[in-house]
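Per-entry structural report
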Amino acid sequence: MNIKSIHTKFFTPITIPVALLLITFPMPALAAVNDFGSLVALFIGMIKTLVPLIVGLTLLYFMWGIFQLVVSNSEDSRKEAVGVITYGVVSLFVMISIWGLVSILTS
């Protein structure tokens, strides 16, 4: 087993959920949940923290696709890079559109 297979098999599926949990973990510990309204406010605060992080990670995924396209030397790797770029653009568009619509509806 080489390093790349170990990384792909064990760390990739675990890394993102654990990082998101560690970023938002102090919020429940510091918040006093007395009623349902404060619980909802806690979850809204977590979501407001996670949305920019997820958009940033998606932007990095898009940039990774561009990097793969630039350094690719075979047709198969170029097709894979174009797929990564396409998914990155579509997901960025959807996330930012929904974020904008929710912002418009709440104001």
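Note that the structure is a prediction, hence the values are computed from the model and not measured.

Because each turn of an α-helix spans 3.6 residues, side chains separated by three or four positions end up pointing in the same direction. The end-to-end C-alpha distance of helix α4 (residues 75-106) is 46 Å, a good match for the 46 Å that 32 residues give at a rise of 1.5 Å each. What α4 keeps buried is the set Ala81, Val84, Ile85, Gly88 and Leu92. Looking at the buried positions of α4, the neighbouring elements they touch are α3 (36-71).

Attention now goes to a nonpolar patch on the surface. A cluster of nonpolar residues, Phe36, Leu39, Val40, Phe43 and Ile44, forms a patch on the protein surface that exposes about 460 Å² of accessible area. Note that Leu39 resides in helix α3.

Below, the discussion takes up the side chain of Ser72. Counting through the fold element by element, Ser72 comes out in the loop between α3 and α4. Judged by relative accessible area, Ser72 falls into the buried class, the value being 10%. Looking at Ser72, its side chain comes within polar contact range of the main-chain oxygen of Leu69, at 3.0 Å. A polar contact of 3.3 Å, which involves the side chain of Ser72, links it to the side chain of Arg78. Sequence-distant contacts of Ser72, defined by excluding residues within four places in its chain, comprise Ser77 and Arg78.

With that settled, consider α3. End to end, α3 covers 52 Å across 36 residues, agreeing with the expected 52 Å (1.5 Å per residue, within 8%). If you check which residues of α3 are buried, you get Leu42, Gly45, Met46, Leu50, Val55, Thr58, Phe62, Gly65 and Gln68.

The subject of this paragraph is the environment of Leu92. Within the fold, Leu92 resides in helix α4. As a C-alpha pair, Leu92 and Phe62 span 30 residues in sequence and 8.7 Å in three-dimensional space. Excluding its chain neighbours within four sequence positions, the residues that come into contact with Leu92 are Val55, Thr58, Leu59 and Phe62.

Conventions used here
Residues numbered from 1 in each chain as written. Predicted model: local features only at pLDDT ≥ 70, side-chain atom pairs only at ≥ 80, totals over all residues. Heavy atoms only, no water. Helix = DSSP H or I, 4+ residues; strand = E, 2+ residues; numbered from the N terminus. Expected span 1.5 Å × (residues − 1). Buried < 20%, exposed > 50% of the residue type's maximum accessible area, 1.4 Å probe, protein only. Contact = heavy atoms within 4.5 Å. Patch = residues over 30% accessible without salt bridge, like charges linked within 9 Å, V, L, I, M, F, W, Y side chains within 5 Å. Areas by Shrake-Rupley, 256 points an atom, 1.4 Å probe, with all protein chains shown as cover. Salt bridge = Lys/Arg side-chain N within 4 Å of Asp/Glu carboxyl O. Polar contact = N/O pair within 3.5 Å; in protein donor to acceptor, adjacent residues only side chain to side chain.

Honestly, it's all geometry; don't read function into it.
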